[in-house]
Amino acid sequence: MREGVITVKAVRYEEFGGPEVLRVMEVDAPRPRAGEVRIAVRAAAVNPVDWKMRSGAFGSGRLPAGTGMDAAGIVDQVGEGVDDIAVGEAVFGSSAPGAIAEYAVLREWARKPESLSFEEAAGFVMTSETARRALNLLPARAGETLVVNGASGGVGLAAVQFALADGLTVIGTASEANHEFLRGLGVIPVVYGDGLVERVRSAAPDGVDGAVDIAGSGALPQLIELTGRTDRVITIADPAADQYGVRMTSGKEGHAPEARAEAAALFEQGRFTMPVARIFSMDEVAEAHAASERGHVRGKYIVQVAS
Ligand SMILES: NC(=O)c1ccc[n+]([C@@H]2O[C@H](COP(=O)([O-])OP(=O)(O)OC[C@H]3O[C@@H](n4cnc5c(N)ncnc54)[C@H](OP(=O)(O)O)[C@@H]3O)[C@@H](O)[C@H]2O)c1
């Protein structure tokens with residue numbers, strides 16, 4: 001061991017490919033730079049972007065690479081200029097790829113409420129930021145009726161709960177198996193796929209004001225038909241957005257980092273939840289990626305790093 005450098009376990013890959021390229025490796029613990037904090041990770045989330053990166057779909061990147069961008073844990077080092085959080089506090093937030101590791105560096109964070117588990121908190125990170133960003137950009141306003149396409153996955157659940165908290169009526173698409181759960185949150189569920197326009201119209205006879213496409217499943221033409229306008233539809237995942245004149249948000253145009261504290265506050269009021277669909281160990285991250293890739297998680301797949 002080099003002086004001052006501790007070695008920690010991290011999930012990494014040395015080549016692009018299928019889930020089998022993921023390995024638990026020994027690496028140097030990262031150090032926080034100015035404006036960052038380092039945490040001892042308790043739990044990290046799996047997001048679709050993790051397996052898209054791992055597959056090489058985003059073109060060449062630096063290898064070996066870490067995986068995971070959302071984590072929850074205990075602050076153990078603070079970078080220069082950080083004065084809103086102290087060593088020993090429990091937080092959840094976002095990192096560069098590499099959060100599925102014993103230590104991770106966070107660029108943005110929020111305090112974890114005591115009653116929120118580390119596992120559930122890890123699932124709040126990317127979901128809440130993306131959902132709030134899309135709703136702000138649309139924008140979705142109180143009193144409106146909104147369609148959320150892909151309502152039962154991570155970002156979809158965050159979007160429907162923020163929209164309900166903002167005072168909108170929310171119609172959410174999901175497979176039948178998720179309808180009761182969505183109804184319990186206050187969402188009007190409809191099945192996605194052929195006939196979507198007719199089903200939404202019968203659920204919302206007074207019309208639809210806006211639509212957020214989360215699933216990127218090719219539903220933009222139906223969402224445009226429902227709202228009657230391309231500027232009242234936004235997508236986070238459909239690469240055909242340009243072709244339809246619909247805005248796509250990637251986060252490059254700005255973040256909504258306040259969404260994490262907002263999700264935590266709503267959680268404490270019993271108005272925000274992110275179900276943990278399954279907990280994996282660090283040795284099982286390949287399985288977690290494969291499960292996420294199948295595309296039907298309710299809530300989040302979580303990796304428990306330490307208990
Ligand atoms: N642009 C950005 O900043 C940004 C940020 C985060 C994520 N994303 C992207 O957004 C997408 C969604 O992310 P996520 O984390 O919410 O994914 P996720 O949690 O894996 O989404 C799974 C959900 O998708 C639903 N689904 C599957 N096929 C569908 C279809 N044809 N129509 C409607 N819903 C369908 C499933 O519902 P059922 O189980 O009921 O079928 C399931 O609940 C991913 O492509 C991700 O890469 C983009």
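Relevant structure appears above.
This text gives an overview of the structure that appears in the document. Fair warning: this is a prediction, and the values are worked out from it, not measured in the lab. (Residues numbered from 1 in each chain as written. Predicted model: local features only at pLDDT ≥ 70, side-chain atom pairs only at ≥ 80, totals over all residues. Heavy atoms only, no water.)

With respect to the site of the ligand
Link 1 in the chain: In the vicinity of the ligand there are 26 residues, among which Lys52, Ser175, Tyr192, Thr249 and His296 approach most closely.
Link 2 in the chain: Within the side chain of Lys52, one N or O atom sits 2.7 Å away from an oxygen atom of the ligand.
Link 3 in the chain: At 2.7 Å from an oxygen atom of the ligand is found a side-chain nitrogen or oxygen belonging to His296.
Link 4 in the chain: Protein coverage of the free-state accessible area of the ligand, which is 940 Å², stands at 85%.
Link 5 in the chain: Sorting the residues of the shell around the ligand by element identifies α1 (48-55), α3 (125-137) and α4 (154-165) as the ones contributing at least two each.
Link 6 in the chain: For the shell around the ligand, the leading source of residues is α3, giving 3 residues.
Link 7 in the chain: For the shell around the ligand, the per-class residue count stands at 10 nonpolar, 14 polar and 2 charged.
Link 8 in the chain: Both domains that furnish three or more residues to the shell around the ligand are identified here as domain 1 (7-124 + 274-304) and domain 2 (130-248). (Near = heavy atom within 4 Å. Polar contact = N/O pair within 3.5 Å; in protein donor to acceptor, adjacent residues only side chain to side chain. Areas by Shrake-Rupley, 256 points an atom, 1.4 Å probe, with all protein chains shown as cover. Helix = DSSP H or I, 4+ residues; strand = E, 2+ residues; numbered from the N terminus. Nonpolar A, V, L, I, M, F, W, Y, C, P; charged D, E, K, R; others polar. Domains from an automatic or database assignment.)

Re the packing of aromatic side chains
Link 1 in the chain: Scanning the entire structure with this criterion turns up 6 aromatic pairs.
Link 2 in the chain: Taking 6.2 Å as the distance between ring centres and 65° as the angle between the ring planes, the aromatic pair formed by Phe124 and Phe267 counts as edge-to-face. With Phe124 in the loop between α2 (118-122) and α3 and Phe267 in helix α9 (residues 259-268), this pair connects stretches of sequence that are 143 residues apart. The pair formed by Phe124 and Phe267 is uniform in burial state, with each residue classed as buried.
Link 3 in the chain: Ring geometry for Phe162 versus Phe272: centroids 5.3 Å apart, planes at 35°, classification tilted. Taken together, the residues span a long stretch of sequence, with Phe162 in helix α4 and Phe272 in the loop between α9 and β15 (276-280) at a distance of 110 residues. Phe272 matches Phe162 in its accessibility class, with the two residues each being buried.
Link 4 in the chain: Grouping aromatic residues by their ring pairs yields a cluster made of Phe92, Phe124, Phe162, Phe267 and Phe272.
Link 5 in the chain: The ring of Phe162 carries the charged tip of Arg132 above its face, separated from the ring centre by 4.8 Å. (Phe/Tyr/Trp six-rings, centres within 6.5 Å; stacked < 30°, edge-to-face > 60°. Buried < 20%, exposed > 50% of the residue type's maximum accessible area, 1.4 Å probe, protein only. Lys NZ or Arg CZ within 6 Å of the ring centre and 35° of its normal.)

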